[in-house]
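Each chain is listed here by its residues.
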Amino acid sequence: MASTGSQPAVNGGEDIPKVALIAGITGQDGSYLTELLLEKGYEVHGLIRRSSNFNTQRINHIYIDPHNAHKARMKLHYADLTDASSLRRWIDTISPDEIYNLAAQSHVAVSFEIPDYTADVVATGALRLLEALRSHITTTGRTHVRYYQAGSSEMFGSTPPPQSENTPFHPRSPYAVSKCAAHWYTVNYREAYGIFACNGVLFNHESPRRGENFVTRKITRAVGRIKVGLQSKLFLGNLQASRDWGFAGDYVEAMWLMLQQEKPDDYVVATEESHTVEEFLEKAFGYVGLNWKDHVVIDKRYFRPTEVDNLKGDSSKARKVLGWRPKVGFEQLVKMMVDEDIELAKREKVLVDAGYMDAQQQP
Ligand code: NDP
Ligand code: GDR
């Protein structure tokens, strides 16, 4: 069994901080993982992609401008999972001890619209990162470097619950098929080259930092805006799908734990509790005294060509081997998200009332 959270993040007993490289640092999970690793004393390097707008909102609160501070322990570098040369260059330059691949075109419905790009980033992107790591290990002999691949419960697709490490995959979207490829690339690089590479098969995890076009955040954003009078309707698709929803802050801890074990392996991470989208609506609207039926309108364009109906994980292996368990339950998660989005909506209302923002502006 494993080394645990009490292990200091230093190399070889010396006072040199461990170095982590995160692809996807600007995303929901990237931001929570960065906070966790900084807390543990790591130096964290993040790969960000070029965007015409700033895309670092989720990590701005922990960013220290390297011009102003010698102690900045989070550093950002331009790269892209579609650009193999950038991945190879940064791995060689940074010499990380741990690599977390969280980068993805992560929206399932969007993957039906841009399937080639989704496969390029999610499947081939993971392969590029693994190849860059293999080349780095071959040229430097740094065999101790560890790799985490962000796998998804979407890979189980239509296979009925409970889903565990032994459940066959039956993916139902270009995103999920691509995640299956990334999963098997990771297994293959572990078996073929002896790389310490792990797959975390994570069920849905949410937070106030969740992207605004995923269903939970779309709902809690609407609850906030409806409550303060900025919106009246919420357009949604299939309300009967069931998801095993946990809190992202809990799930990044499981990622880190996987890379602290003696041997690389694959783990399912889940709360083991499942709720329908309708139940999420009831809880979120009910929490602030609203009836979701007064506001929700079903819009066909949010239905997917193939849906994943029922996900509920069996995370007994992660609980036993990693000693991991979720701390935040369903109700607490919903309330946390609604509370934050009510505050956000109040701030928006001030801007709208002052004429600085259009009330219609919404995700
Ligand atoms: P997000 O969509 O919030 O973040 C995705 C990250 O990937 C962002 O930093 C994004 O950058 C980056 N990215 C996208 N395309 C590229 C590219 N071409 N090159 C480099 N970086 C890129 O996802 P989450 O944080 O929610 O999820 C993290 C990972 O875990 C993803 O791989 C996701 O598929 C997977 N996953 C998520 C689950 C969940 O419930 N959240 C469950 C299971 C798996 P930018 O900010 O510029 O867009
Ligand atoms: P999911 O999350 O597809 O499970 O993927 P999402 O929140 O997008 O959908 C969950 C369920 O809600 C239904 N739904 C809607 N979804 C969205 N986005 N918008 C709507 O208006 C809407 N109405 C109903 C969907 O049909 C679906 O059944 C997430 C992502 O984070 C993936 O990257 C990750 O791998 C999986 O979780 C695990």
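Residues numbered from 1 in each chain as written. Chains lettered and ligands numbered in written order. Predicted model: local features only at pLDDT ≥ 70, side-chain atom pairs only at ≥ 80, totals over all residues. Heavy atoms only, no water.

### A short note on the site of ligand 2
Taken together, 23 residues form the shell around ligand 2, and within it Ser-106, Ser-152, Tyr-175, Arg-304 and Glu-307 come nearest. Interatomic distance of 2.8 Å between a backbone N/O atom of Gly-237 and a nitrogen atom of ligand 2. When ligand 2 is considered free in solution it has 700 Å² of accessible area, and contact with the protein chains removes 96% of it. Among the secondary structure elements, those contributing two or more residues to the shell around ligand 2 are α6 (215–227) and β8 (234–236). (Near = heavy atom within 4 Å. Polar contact = N/O pair within 3.5 Å; in protein donor to acceptor, adjacent residues only side chain to side chain. Areas by Shrake-Rupley, 256 points an atom, 1.4 Å probe, with all protein chains shown as cover. Helix = DSSP H or I, 4+ residues; strand = E, 2+ residues; numbered from the N terminus.)

### Things to note about the sheet that holds strand β3 (residues 74–78)
Strand order across the open sheet formed by 7 strands is β3-β2-β1-β4-β5-β6-β11, with parallel pairing between neighbours. Strands at the two margins of the open sheet, each flanked by one partner only, are β3 and β11 (266–269). Neighbour to neighbour, the strand axes of the sheet diverge by 20° on average, direction disregarded. Pairing of strand β5 (residues 146–152) with strand β6 (residues 196–202) involves 7 bridges; the strand directions are parallel. When the sheet's bridge partners are listed, Ala-150 is paired in β6 with Gly-200. (Pairing = 2+ DSSP bridges. Axes fitted to C-alpha atoms, helices over the stretch in contact; angles between N-to-C directions.)

### A look at α6
Along its 13 residues, α6 runs 18 Å from first to last C-alpha, staying within 8% of the 18 Å computed at 1.5 Å per residue. Within α6, 11 of the 13 residues are buried, leaving the element largely enclosed by the surrounding structure. Of the positions making up α6, those classed as buried are Thr-216, Arg-217, Lys-218, Ile-219, Thr-220, Arg-221, Ala-222, Val-223, Gly-224, Arg-225 and Ile-226. Against β7 (205–206), β8, α8 (277–287) and α10 (330–353) lie the buried residues of α6. (Expected span 1.5 Å × (residues − 1). Buried < 20%, exposed > 50% of the residue type's maximum accessible area, 1.4 Å probe, protein only. Contact = heavy atoms within 4.5 Å.)

### Quick look at the packing of aromatic side chains
Summed over the entire model, instances satisfying the criterion amount to 9 aromatic pairs. Ring geometry for Tyr-189 and Tyr-193: centres 5.0 Å apart, planes at 65°, overall edge-to-face. Of the two residues, Tyr-189 and Tyr-193 are both situated in helix α5 (residues 174–193); the distance of 4 residues between them amounts to about one turn of the helix. Here Trp-245 and Phe-280 contribute two aromatic rings whose centre-to-centre distance is 5.3 Å and whose plane-to-plane angle is 65°, an arrangement assigned as edge-to-face. In this pair, Trp-245 is assigned in the loop between β9 (242–243) and β10 (246–247) and Phe-280 in helix α8, connecting sequence segments 35 residues apart. An aromatic cluster of three or more residues is present, and its members are Phe-156, Phe-169 and Phe-203. The ring of Tyr-32 has Arg-209 sitting right over it, with the charged end atom 4.0 Å from the ring centre. Just above the ring of Phe-214 sits the side chain of Arg-210; from NZ or CZ to the centre is 4.0 Å. (Phe/Tyr/Trp six-rings, centres within 6.5 Å; stacked < 30°, edge-to-face > 60°. Lys NZ or Arg CZ within 6 Å of the ring centre and 35° of its normal.)

### A short note on the nonpolar core
One finds Leu-33, Leu-37, Tyr-100, Tyr-148, Ile-219, Met-258 and Leu-281 to be the most contacted residues of the largest nonpolar core, which totals 59 residues. Ranked by residues supplied to this core, first place goes to helix α7 (residues 248–258) with 8 residues. The contacts of Leu-33, once residues within four sequence positions are left out, are Ile-22, Tyr-100, Leu-102, Val-252 and Met-255. Counting residues in each nonpolar core, the second largest holds 25 residues, with Val-19, Leu-87, Ile-99 and Ala-103 among its members. (Core = buried A, V, L, I, M, F, W, Y, C linked by side-chain atoms within 4.5 Å.)

### Thoughts on the confidence of the model for the chain
On average, residues of the chain carry a pLDDT of 95, and 95% of them reach 70 or more. Confidence drops under pLDDT 50 across residues 1–6; counting only partners more than four residues distant or on other chains, this segment forms 10 contacts. Here the complex is predicted with pTM 0.96, and the ipTM for its interfaces comes to 0.99. (pLDDT = per-residue confidence, 0-100.)

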